[in-house]
Every structure is written in C-alpha cells, then in structure tokens.
Amino acid sequence: GGINVTAGITTVQALQATTGTFSGAVSGTTGTFSGAVSGTTGTFSDDVTFTGASANITFDKSTDDLIFDDNAQAKFGTGGDLSIFHNGTHSFIQETGAGALQIRGANLILDNADGSKRYIDCNDGGSVELYHDNTKRLETTSTGVSFLDGNITNVGSIALDSIKGDADDNTNIT
C-alpha cells in the first residue's frame, strides 16, 4: 500500500512515510521531511533547517542568510576538495585536492576582521605592500624592494649590488 493523490486535496494535516515521491507542489507552513526529498522545483516560504548528524544548516528568510553551525562545512568539488567552515574557535578555508588554492582578483587586500588595519595590499600589475600595525613597511617596486622606514633589521645576511642613501646615518636607503 500507498497513497496516490493526483488532484483534489488542498490540505494535508500530517503525512508520514518512509519513502515516497512528490510529483507536484508541496506547500504549507510547517513540516518535517526525514528522508530524501527530490523533485524538479520547490519553494520554501519560511526558514528552512537542514539537520545534520552533528551540525545544522539554516536558511534564515528574514535576513537572506545561509547559516552554517559550528563544524558544518560548505564543500565544493566532486571529492569535497574545498571546504569552508568554522570550528567554534577558528575559521578555515581548506583545499585538500591535487591542485592549489588560488585567490584571484584585480587587486587583493587582506585586512583585519573589522577592516581597520591592513596586512597586505597586492595591486594588479604593480606593487605588493606589507604592513605592520597598519603601517606600510615594505613595498615591491619595478626595480626591487623598498623598505619604507629605511631600517633593515637582519638576522642573517643580505647581498646588495648597490646602496643608495645616506651612509652616515643609514637613512633613505633604497
């Protein structure tokens, strides 16, 4: 047995089954699907929660957010090679496939969480700038590297072809 409905029912109070096919529209304000749900089209008019084995994913209609609980992972690629997740303490973008994680953009900027401090600024076809405590300290140029405060603290050795600047007080060295 089973129930086949082709037309004529507008409201179903409760429907429970271990397997089944919905070939038309299924609508309502509340409901739980505890098996596979498949079809060609569907509309959810309220929040939707996908319950996982240990973490849930919720679509919050009021804010248009897809919310992944801690340890719920967004996976991309056939083998799940790329994961984005938060473990409750740290956030991760993890690439585990045979290729490389590539981040592309006309310009690439890495800032702190609220955008108030710069770490790295990569300019398309131009310089790469490194910052310490929001102060630019090093910049690549078309001829090499510029240390912006004139100070080089060295623990090893640096080989230089030529030095420009004030040799008396080691300022303005480029």
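Residues numbered from 1 in each chain as written. Predicted model: local features only at pLDDT ≥ 70, side-chain atom pairs only at ≥ 80, totals over all residues. Heavy atoms only, no water.

So what's going on with the packing of aromatic side chains? Residues and values would help.
Working definition: an aromatic ring pair is given by the centre-to-centre distance plus the angle between the planes. Applying the stated criterion across every chain, the model contains 1 aromatic pair. Taking the centre distance of 4.9 Å and the plane angle of 20° together, the rings of F85 and F92 count as stacked. Assessed through its relative accessible area of 14%, F85 is described here as buried. (Phe/Tyr/Trp six-rings, centres within 6.5 Å; stacked < 30°, edge-to-face > 60°. Buried < 20%, exposed > 50% of the residue type's maximum accessible area, 1.4 Å probe, protein only.)

Tell me what's going on with the pairing of strand β8 (residues 118-123), and back it up with residues and numbers.
In terms of strand pairing, strand β7 (residues 107-111) meets β8 through 5 bridges, oriented antiparallel. By the bridge assignment, I109 is partnered in β8 with D121. Adjacent in sequence and paired antiparallel, β7 and β8 are bridged by 6 residues, among which G115 carries a positive phi angle near 80°. In the sheet, β8 pairs with strand β9 (residues 128-132) via 3 bridges, with the strands oriented antiparallel. Paired with D121 across the bridge in β9 is E129. What sits between β8 and β9 in their antiparallel hairpin is a turn of 4 residues, with G125 showing a positive phi close to 70°. (Pairing = 2+ DSSP bridges. Helix = DSSP H or I, 4+ residues; strand = E, 2+ residues; numbered from the N terminus.)

Pulling in residues and values, what's your account of the side chain of D121?
Residue placement: D121 occurs in strand β8. We classify D121 as buried; its relative accessible area is 9%. Engagement of the side chain of D121 in a polar contact is seen with the side chain of R118, the distance being 3.2 Å. Those residues in contact with D121 that lie beyond four places of it in its chain are L108, I109, S127, V128, E129 and Y131. (Polar contact = N/O pair within 3.5 Å; in protein donor to acceptor, adjacent residues only side chain to side chain. Contact = heavy atoms within 4.5 Å.)

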